[in-house]
Amino acid sequence: MSKQDFLSLLDFSVEDLDYLIKRGQRFRTMHAEGQIYRPLVGKTGALILQMNSTRTRVAFEAGFAQMGGHTIFLGNHDSQLGRGEPIPDFAKVISEMVDVVMIRTLNQEDIESLAHHASIPVVNAMSSLLHPCQLLADIQTFEEMRGSISGSTVAFIGDGYNMCHSYINAARQWGFKLKIACPKGYEPNADILASTNNAQIVDSAQDAVTDADLVITDVWSSMGHEGQEGDRRCVFGNYQVNEALLDKANKDVLFMHCLPAHRGEEISETLFDDPRSVVWVEAGNRLHSQKALLEFLLLGRVE
Ligand code: CP
């Protein structure tokens, strides 16, 4: 089996993405039933996080352990990468020792360089450009609750950053309509936006949520925006998702947030208590979807 990387949703065919979503749903059921399934006995995964993480790290480590494998966590100060070891050298060394590597770093080019030089699968655990693993969990969550997302309308409210970019890629792959509301100057990458007719920027958050089946937001200051928090609170003031905004969407709309969240900023203080919010199921699906991804990268399709 030749190695496959997951740096972007565009790396996989739509058929393989749909397989992963169904497989993630299967993992969720198996987990709920307490089934033991250990296809990764003898396998080792390395997790390189140059920035903080709760969900991505726990999903990787718990998922690997539940499937019988072992993980090695390398924070920014744990490996020689933190002291300038060249990524091509690191890639060749780690390929001799482990079976898969997952990396979070701001620089997408570093992830691409690692993938280019490694002979094992490389997974993007989030860069400033993309967050494809989060999208597997989000699409899985929507489809578990509402059926196929194809043909639906999704509203993205907020910064045109990594989550917005991955939603544009998702709209392209799964065939849904994406309406993006963002302040002027905080639009998504023009090339990514231009890559599909399924995504468009609209004039306001109210425009975006009209007819929406799913509403998404993210923090106003992501990792990489340190020091800009005060300015961004002013700029993004009209882009809070709250109960009144969700009232303008479709009656059965769902709300998701990749977390962590800042209550009182991009969401109202009480939004997570609203029955339309499914953020805890979404977070749990980080585990199940990431298990599906790791199984697929290491063993291929199993059903
Ligand atoms: N959503 C997400 O990626 O969470 P973490 O930053 O905690 O991994």
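That block above? That's the structure.
Conventions used here
Residues numbered from 1 in each chain as written. Predicted model: local features only at pLDDT ≥ 70, side-chain atom pairs only at ≥ 80, totals over all residues. Heavy atoms only, no water. Phe/Tyr/Trp six-rings, centres within 6.5 Å; stacked < 30°, edge-to-face > 60°. Helix = DSSP H or I, 4+ residues; strand = E, 2+ residues; numbered from the N terminus. Lys NZ or Arg CZ within 6 Å of the ring centre and 35° of its normal. Core = buried A, V, L, I, M, F, W, Y, C linked by side-chain atoms within 4.5 Å. Buried < 20%, exposed > 50% of the residue type's maximum accessible area, 1.4 Å probe, protein only. Contact = heavy atoms within 4.5 Å. Polar contact = N/O pair within 3.5 Å; in protein donor to acceptor, adjacent residues only side chain to side chain. Pairing = 2+ DSSP bridges. Axes fitted to C-alpha atoms, helices over the stretch in contact; angles between N-to-C directions. Near = heavy atom within 4 Å. Areas by Shrake-Rupley, 256 points an atom, 1.4 Å probe, with all protein chains shown as cover. Nonpolar A, V, L, I, M, F, W, Y, C, P; charged D, E, K, R; others polar. Salt bridge = Lys/Arg side-chain N within 4 Å of Asp/Glu carboxyl O.

1. Description of the packing of aromatic side chains
Inference 1: As enumerated under the stated definition, the model contains 12 aromatic pairs in all.
Inference 2: An angle of 45 degrees between the planes, with centres 5.8 Å apart, marks the rings of Y19 and F296 as tilted. You can see Y19 sitting in helix α1 (residues 14–32) and its partner F296 sitting in helix α11 (residues 279–299), a full 277 residues away along the chain.
Inference 3: Taken together, F6, F12, Y19 and F296 form an aromatic cluster joined through their ring pairs.
Inference 4: Between R23 and the ring centre of F27, over which it is positioned, the NZ or CZ distance is 4.9 Å.
Inference 5: Note that R57 overlies the ring of F73, its terminal NZ or CZ placed 3.6 Å from the centroid.

2. Describing the nonpolar core
Inference 1: Core analysis: the biggest nonpolar cluster contains 53 residues, and Y167, W174, F176 and L178 have the highest contact counts within it.
Inference 2: In terms of residues, this core owes the most to one element, helix α6 (residues 162–174), which gives 7 residues.
Inference 3: With residues up to four places along the chain from it excluded, the contact list for F176 reads I139, I149, G151, S152, V154, Y167, A170, A171 and N198.
Inference 4: In terms of nonpolar packing, the next biggest core, distinct from the first, is built from 24 residues, A212, V241, L271 and V279 among them.

3. Notes on the side chain of R232
Inference 1: Examined against the element boundaries, R232 turns out to sit in helix α9 (residues 229–235).
Inference 2: We classify R232 as buried; its relative accessible area is 5%.
Inference 3: One polar contact links R232 to D159, side chain to side chain, over a distance of 2.9 Å.
Inference 4: Not counting chain neighbours up to four residues away, the residues in contact with R232 comprise D159, Y186, W220, S221 and H225.

4. Some thoughts on the sheet that holds strand β7 (residues 199–201)
Inference 1: What the 5 strands build is an open sheet, ordered β7-β6-β5-β8-β9; its pairing is parallel. Where the open sheet ends on each side, the last strands, each with one partner, are β7 and β9 (254–257). Neighbouring strand axes in the sheet, compared pairwise and without regard to direction, differ in orientation by 20 degrees on average.
Inference 2: Here strand β5 (residues 153–157) pairs with strand β6 (residues 177–181) via 5 bridges, running parallel. Note on β6: the bridge partner recorded for T153 is K177.

5. Some details on the environment of T196
Inference 1: With respect to the helices and strands, the residue T196 is situated in the loop between α7 (190–194) and β7.
Inference 2: Through-space distance from the C-alpha of T196 to that of R172 is 5.7 Å; in sequence the pair is 24 residues apart.
Inference 3: Ignoring any residue separated from it by four or fewer positions in sequence, one finds T196 in contact with I168 and R172.
Inference 4: A polar contact is formed between the side chain of T196 and the backbone nitrogen of N198, at a distance of 2.9 Å.

6. Here we look at the site of the ligand
Inference 1: Residues in contact with the ligand, as listed here, are S53, T54, R55, T56, R104, H131, Q134, C258, L259 and R286.
Inference 2: Taking T54, its main chain carries an N or O atom lying 2.6 Å from an oxygen atom of the ligand.
Inference 3: Coverage of the ligand by the protein amounts to 96% of the 250 Å² it exposes when considered alone.
Inference 4: In the shell around the ligand, the residues fall into 2 nonpolar, 5 polar and 3 charged.

7. A short note on the pattern of salt bridges
Inference 1: Summed over the entire model, instances satisfying the criterion amount to 11 salt bridges.
Inference 2: One salt bridge connects R28 with E144, and the closest N-O pair in it is separated by 3.9 Å. Taken together, the positions of R28 in helix α1 and E144 in helix α5 (residues 132–146) put the pair 116 residues apart, joining distant regions of the chain.
Inference 3: Classification of E144 as partly exposed rests on a relative accessible area of 29%.

8. A closer look at the side chain of T217
Inference 1: Here T217 lies in strand β8 (residues 214–217).
Inference 2: The contact partners of T217, leaving out residues within four places of it in the chain, are I157, V241, F255, M256, H257, C258, E266 and I267.

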